[in-house]
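# Notes for the structure review
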Amino acid sequence: MKPHRFLDRLAAVDTAPLYGHLDELGAGFVRATGPAAALGELCDIAGPDGREAIAEVVAVSERGITLIPLEQHSGLRLGARVTAAPGRSGIARGDGFAGRAVDALGRPIDGKGRIDRTTRIEGAAISALDRVNPAAVLATGIRAIDGLLTLGVGQRVGIFAASGVGKTSLVEQLARQIDCDRCILCLVGERGREVSDLWSLAATSAAPDRFSLVAATSDQSPVMRARAVEQALALAEYWRDRGEHVVLMIDSITRLAMALREIGLAAGAPPTVRAYTPNVFAVLPRIVERCGAVRGGGAITAIMTVLSETDEVDDPIVEVMKSLLDGHIVLSRTLAEQGHFPAIDIIRSVSRQASRLIDPDHAAQAREIASLLSTYDENRVMIESGVYRARSSDRIDRAIAAREPIAAVLRQPADERSDFAQTVRALKTSWPS
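This report concerns the structure included in the present document. (Residues numbered from 1 in each chain as written. Predicted model: local features only at pLDDT ≥ 70, side-chain atom pairs only at ≥ 80, totals over all residues. Heavy atoms only, no water.)

The next thing to look at is unusual backbone geometry. Note: most peptide bonds trans; most residues except glycine with negative phi. Here the amide bond leading from Gly-34 into Pro-35 is cis, since omega sits at 10°, within 30 degrees of zero. Of note, Pro-35 is situated in the loop between strand E2 (30-32) and strand E3 (42-46). Between Phe-341 and the following residue, Pro-342, the backbone shows a cis peptide bond with an omega angle of -5°. Here Pro-342 lies in the loop between helix H9 (333-337) and strand E20 (350-351). Despite not being glycine, Arg-274 has its phi angle at roughly 55°, a positive value. Tracing the backbone through its elements, the reader meets Arg-274 in the loop between helix H6 (253-266) and helix H7 (278-289). For Arg-274, a relative accessible area of 41% translates into the label partly exposed. With a phi close to 70°, Arg-391 is a non-glycine residue in the positive phi region. Mapped onto the secondary structure, Arg-391 falls in the loop between helix H12 (380-384) and helix H13 (394-410). (Helix = DSSP H or I, 4+ residues; strand = E, 2+ residues; numbered from the N terminus. Buried < 20%, exposed > 50% of the residue type's maximum accessible area, 1.4 Å probe, protein only.)

Overall, the coordinates contain 0 disulfides when judged by the stated rule. Its sulfur unpaired, Cys-183 is 5.1 Å from the next cysteine sulfur, which belongs to Cys-180. Looking at Cys-183, the relative accessible area reads 1%, which means it is buried. (Disulfide = S-S within 2.5 Å.)

Nothing here speaks to function; it is geometry throughout.
Have a look at this one:
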């Protein structure tokens, strides 16, 4: 018998909603006697003024559940009713997000009105046998990357830097110059001014509908900051599954890790190295593995910034991300202070897909240039202090002679785009291998 539409509507009505009551209020979290809910589900907490606060379940025990409100709400009181809200737990996606800026819940923040959407429950990593290696070069228009750290469509790469060395400028340049079907900008824990600046750049580009922005600023709850990445990934997977090439830029993974740490500590998880909780090291691999190219379909090229605590780039999140990603681009404060932009440290950077993507002549030239730069760096103190004498070593002499011509090619204004073929020719003429 064919179901009647009235029966469908009745089935969707929750006549006995699950609920509990708040029995503990903490700094940034609350605990309740119920309802029975799974990790990650959303609940509504009734306030005395009639408004409801949305909160995410971050821990479940026999005694009840721990929740973190998504937004600040000063009216919560002990005994407040907590109700399950399964209808809120889906992640929004759809073509309506093209050319739009939204928050971590998919709500518009650009003042352009509502967005047509569909929802899905949760994303998943690509099956191991459905993943493919990048087969096409991803031209970024930046000579240092295209020439010496060549990337591929569907590659996962990190930009590693301490503060103040040009990370934001490099991200903006990549967003403008990379050729793709969609570009999703995910800002986690950034200042509101930076969100506004980046969205202005996207909105005034030649193809504004190519961009989508998901933002959770530094003053928002850790749950909102973490959910911003889930929202951005949902959009990226939606368009990738339709065969499109999506560039997903997450700025920054470190602030995501800090948000996950706050969630973990509120849930009672034990702190480990640098006080990061185990959930941090469980979530980061899943995010990386949901990106990439799929067999017979589209691709998500992921560019993730990672902030290091010092210029030594040795904190635990940096080390974890280096092990997960297909390459890393390290920015140097020394180069930035010398006025060399983009301040990419070629010696400490690597693209694990480059050798598969470029021709043998290009690969040989890139190796020779990297070797010369490394030779100069190893002998920098001796050279710059005047201890080294010319013609003492042919290799060091070549490194000294090559350093400035190579640096001249690698310097590039933020508004300049270099064609890939022109980049390869410029490197070959800068210093013959």
